[in-house]
Amino acid sequence: PLLFRATDTDTCCWRSPGTNQCVLKFDLSLDVHRRRLKGVLDRMAYHLENTAADDDDDDDKASDSRADLGGTVYVCLRGRQIMGGLVVEVNHDLRGAAVASSRGPAVARRPTRWLEIVQIWVEPKYRLEGVARRLVDLSRSETVYGEWFKEEQCRMFARTLDGDHFWGKYVGGNGKKKKKKKKNVQ
């Protein structure tokens, strides 16, 4: 198991009232946080390298958490044991704004922003407990203060087979059952 000791200065986004679970948020632009999270980021990168969906030797993996040191990391803990982790980045599509502004101020649009799920990992013994869903839900509301990213604004480009299955369930079904229509009986 991967252990992590939280400190009083860590940002807690969620705490379970009944259990000893919490989700902590870290900014990877700070060297202190990168050093503290080195074990988690290495475990996430190892997991991605050993369970990749395609076996070709691409060196341009967008999800390798060691390649890009920006973004935000969310870590789910039970006591001191890490249950899972998530790396996200906020991206902007400035091309849409540039094209619109060349037509004049009347058609200028705001740049498109989205939350990119760079990498998600859950310790195998904690899978199917809703850890990944909790991490993604929290990242949608906590990454940018005062902004809620809708599902349409969340993207997960590089995925393993497990990640593809999770993302299909997260975006597709959202875990809610559809109400059945009542039949009119005459």
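A brief report on the enclosed structure follows. (Residues numbered from 1 in each chain as written. Predicted model: local features only at pLDDT ≥ 70, side-chain atom pairs only at ≥ 80, totals over all residues. Heavy atoms only, no water.)

Moving on, we get to the overall build of the protein. On a plain count of helices and strands, the protein comes out with five helices and six strands. When the helices and strands of the protein are placed in sequence order, the string is β-β-α-α-β-β-α-β-α-β-α. Of all 186 residues assigned to the protein, the portion counted as buried reaches 38%. (Helix = DSSP H or I, 4+ residues; strand = E, 2+ residues; numbered from the N terminus. Buried < 20%, exposed > 50% of the residue type's maximum accessible area, 1.4 Å probe, protein only.)

With that settled, the discussion passes to the pattern of salt bridges. Taken as a whole and assessed by the stated rule, the structure comprises nine salt bridges. Between Asp-42 and Lys-38 there is a salt bridge, with its nearest N and O atoms 2.6 Å apart. One end of the pair, Asp-42, and the other, Lys-38, are both in helix α2 (residues 38-50), four residues apart, so they sit about a helical turn from each other. Across the salt bridge formed by Arg-78 and Glu-129, the nearest N and O atoms sit 3.3 Å from each other. (Salt bridge = Lys/Arg side-chain N within 4 Å of Asp/Glu carboxyl O.)

With that out of the way, let us pick up the state of the cysteines. Overall, the coordinates contain zero disulfides when judged by the stated rule. Unpaired in terms of disulfides, Cys-12 finds its nearest cysteine sulfur in Cys-22, a separation of 4.9 Å. You can call Cys-12 partly exposed: its relative accessible area is 33%. Unpaired in this structure, Cys-76 has its nearest cysteine sulfur neighbour in Cys-22, at a distance of 7.3 Å. (Disulfide = S-S within 2.5 Å.)

Glancing now at unusual backbone geometry. Not every positive phi belongs to a glycine, and Leu-128 is a case in point at roughly 65°. Along the polypeptide, Leu-128 turns up in the loop between β5 (112-122) and α4 (131-142).

This next bit is on the nonpolar core. Ranked by size, the top nonpolar core spans 24 residues in total, and within it Leu-86, Ile-117, Ile-120, Val-136 and Trp-167 carry the most contacts. Going through the elements one at a time, β3 (72-78), β4 (81-93), β5, α4 and α5 (161-173) are the ones with two or more residues in this core. Aside from chain neighbours lying at most four places away, what touches Trp-167 is Ile-117, Val-136, Cys-154, Arg-155, Met-156, Arg-159 and Gly-172. (Core = buried A, V, L, I, M, F, W, Y, C linked by side-chain atoms within 4.5 Å. Contact = heavy atoms within 4.5 Å.)

Our focus in this paragraph is the side chain of Asp-10. Summarising the element assignment, Asp-10 is placed in the segment before β1 (11-15). Taking the relative accessible area as the measure of exposure, Asp-10 reaches 12% and is therefore buried. Only 2.9 Å separates the side chain of Asp-10 from the backbone nitrogen of Thr-7, close enough to count as a polar contact. In terms of polar contacts, Asp-10 uses its side chain to reach the side chain of Arg-36, at 2.6 Å. Not counting residues up to four positions away in its chain, the partners in contact with Asp-10 are Phe-4, Arg-5, Leu-24, Phe-26 and Arg-36. (Polar contact = N/O pair within 3.5 Å; in protein donor to acceptor, adjacent residues only side chain to side chain.)

Evaluated as defined, the whole model comprises four aromatic pairs. Look at Phe-166 and Tyr-170: their rings are 5.7 Å apart centre to centre, the planes differ by 35°, and that puts the pair in the tilted class. Taken as a pair, Phe-166 and Tyr-170 lie in helix α5 at a separation of four residues, close to a single helical turn. Neither Phe-166 nor Tyr-170 differs from the other in exposure class; each is buried. Ring geometry for Trp-167 and Tyr-170: centres 5.6 Å apart, planes at 20°, overall stacked. Here the residue Trp-167 and the residue Tyr-170 both occupy positions in helix α5, the gap between them amounting to three residues, near one helical turn. Residue Trp-167 shares its accessibility class with Tyr-170, and that shared class is buried. A network of ring pairs unites the aromatic residues Phe-166, Trp-167 and Tyr-170 as a single cluster. The lysine or arginine in question, Arg-134, covers the ring of Trp-14, its NZ or CZ lying 4.2 Å from the ring centre. (Phe/Tyr/Trp six-rings, centres within 6.5 Å; stacked < 30°, edge-to-face > 60°. Lys NZ or Arg CZ within 6 Å of the ring centre and 35° of its normal.)

Don't take any of this as a statement about function, it's just geometry.
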